[in-house]
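Secondary and tertiary structure notes
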Amino acid sequence: MIRKSIILSALIAVSFLSSCKDDNTVEEPIETEEITFTKEGEATLLKPNGDTIKQIDIEIADNTYERETGLMYRESMEDDQGMLFIYDDEAPRAFYMKNTYIPLDIIYFTSDRTAVSFQKNAQPQDETSLPSGEPAQFVLELNAGLADDWNIEVGDKIDFERVD
């Protein structure tokens, strides 16, 4: 029994020593693949009278993993692209910008697809909560400044469809 505990102690010590980092070694950066935009649908932003504001290509985040990850780790996004988050129900929502490298405009839409609030110019890497203020079922992320450039307002609508 004593012999087993001595052997176990020796194995633990060897394991510990071999896993310790030598302060003189230089860590190589881990190479990661760039995350690129994948068109999964098209969205049209509309005025209440039906006039088209803008049509964009969208990625769709409609499961827990995709909604939690969103646009994190992206280096850029084109102005005619966005990410649409789709939830199963209408509820108060809040986003933050942890691990998000590009500034964004976040537009919250109700279950009938009407814009109810905005978080404009959300800053990269900021973990401050960005709440919807009103219940929302759909959330659209665009490059910062586009909501103003395109004159998107509370009451405007979004229509979207998936593409194969």
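Notes on the structure follow. Because the structure is predicted, anything quoted here is derived from the model rather than measured.

Before going further, it helps to examine the pattern of salt bridges. By the definition in use, this model includes 10 salt bridges. Note that Glu42 is salt-bridged to Lys39, the shortest N-O span being 2.8 Å. Lys39 sits in the partly exposed class, given a relative accessible area of 37%. For Asp148, the salt bridge is made with Lys120, and the minimal N-O distance between the two is 2.5 Å. Separated by 28 residues along the polypeptide, Asp148 in helix 3 (residues 146–149) and Lys120 in strand 6 (residues 115–122) bring together distant segments of the chain. Through salt bridges that share partners, Lys39, Glu42 and Asp57 make up one connected network.

This part is about a negative patch on the surface. Where like charges cluster on the molecular surface, the negative patch consists of Glu78, Asp79, Asp80 and Asp149. You can see Asp79 is positioned in the loop between helix 2 (64–69) and strand 3 (81–91).

Quick notes on the rules
Residues numbered from 1 in each chain as written. Predicted model: local features only at pLDDT ≥ 70, side-chain atom pairs only at ≥ 80, totals over all residues. Heavy atoms only, no water. Salt bridge = Lys/Arg side-chain N within 4 Å of Asp/Glu carboxyl O. Buried < 20%, exposed > 50% of the residue type's maximum accessible area, 1.4 Å probe, protein only. Helix = DSSP H or I, 4+ residues; strand = E, 2+ residues; numbered from the N terminus. Patch = residues over 30% accessible without salt bridge, like charges linked within 9 Å, V, L, I, M, F, W, Y side chains within 5 Å. Areas by Shrake-Rupley, 256 points an atom, 1.4 Å probe, with all protein chains shown as cover. Lys, Arg positive; Asp, Glu negative; His and termini not counted. Charge placed at Lys NZ, Arg CZ, Asp CG, Glu CD.

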